[in-house]
Amino acid sequence: MPTIKFIKENKEVVAADGANLREKALQNNIDIYKWRGKLINCGGYGQCATCVVEIVEGMENLSPKTDFETRKLKKKPENYRLACQTLVNGPISVNTKP
């Protein structure tokens, strides 16, 4: 089973293969939204792009970027992902609210 290490929160959680990164963060009381995202997030449907996270380690263990992610994150570093669109298939380390 993959582990997700949330660096800023100093917390490591275990996830099933194919687990959604946003859901695992919220289930473990890890806040991934900045103030604006707390007010207007889409609830994980990939419409608002407010759940941006930085993948520090383990990019190879994630699902491919969706077309929406590619468009919304085109000016961001390659290791930025939308948590709601990211499925975890192996160990990763994450910075929330980059």
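For the structure itself, look to the data block above.
Model, not experiment: these values are computed from the prediction.

*Asks:* A description of the nonpolar core should follow, citing residues and the corresponding values.
*Replies:* Judged by nonpolar contacts, the single largest core of 24 residues is most densely connected at Ile4, Phe6, Leu21 and Val94. For this core, the secondary-structure elements that each account for two or more residues are strand S1 (3-6), helix H1 (21-27), strand S4 (52-57), strand S5 (80-82) and strand S7 (92-96). When residues no more than four places from it in sequence are discounted, the contact partners of valine 94 are Ile4, Lys5, Phe6, Ile7, Leu21, Val53, Glu54 and Ile55.

*Asks:* Please set out the pattern of salt bridges residue by residue, giving values where relevant.
*Replies:* Evaluated as defined, the whole model comprises three salt bridges. One salt bridge in this structure joins aspartate 31 and lysine 97, with 3.4 Å as the shortest N-O distance. Here the residue aspartate 31 occupies a position in the loop between H1 and helix H2 (35-40), and lysine 97 occupies one in the segment after S7, the gap between them amounting to 66 residues. Assessed through its relative accessible area of 32%, lysine 97 is described here as partly exposed.

*Asks:* Go over the side chain of serine 63, please, and point to the residues and values.
*Replies:* With respect to the helices, strands and loops of the structure, serine 63 is situated in the loop between S4 and helix H3 (67-72). Here serine 63 is in contact with Arg81, Gln85, Thr86, Leu87 and Asn89, once residues within four sequence places are set aside.

*Asks:* So what's going on with unusual backbone geometry? Residues and values would help.
*Replies:* Positive phi is not limited to glycine here, since asparagine 10 has a value of about 50 degrees. Assignment of secondary structure puts asparagine 10 in the loop between S1 and strand S2 (11-14). In this model, alanine 49 sits at a positive phi of 60 degrees, which is unusual for a non-glycine residue. Here alanine 49 is to be found in the loop between H2 and S4.

Calculation rules
Residues numbered from 1 in each chain as written. Predicted model: local features only at pLDDT ≥ 70, side-chain atom pairs only at ≥ 80, totals over all residues. Heavy atoms only, no water. Core = buried A, V, L, I, M, F, W, Y, C linked by side-chain atoms within 4.5 Å. Buried < 20%, exposed > 50% of the residue type's maximum accessible area, 1.4 Å probe, protein only. Helix = DSSP H or I, 4+ residues; strand = E, 2+ residues; numbered from the N terminus. Contact = heavy atoms within 4.5 Å. Salt bridge = Lys/Arg side-chain N within 4 Å of Asp/Glu carboxyl O.

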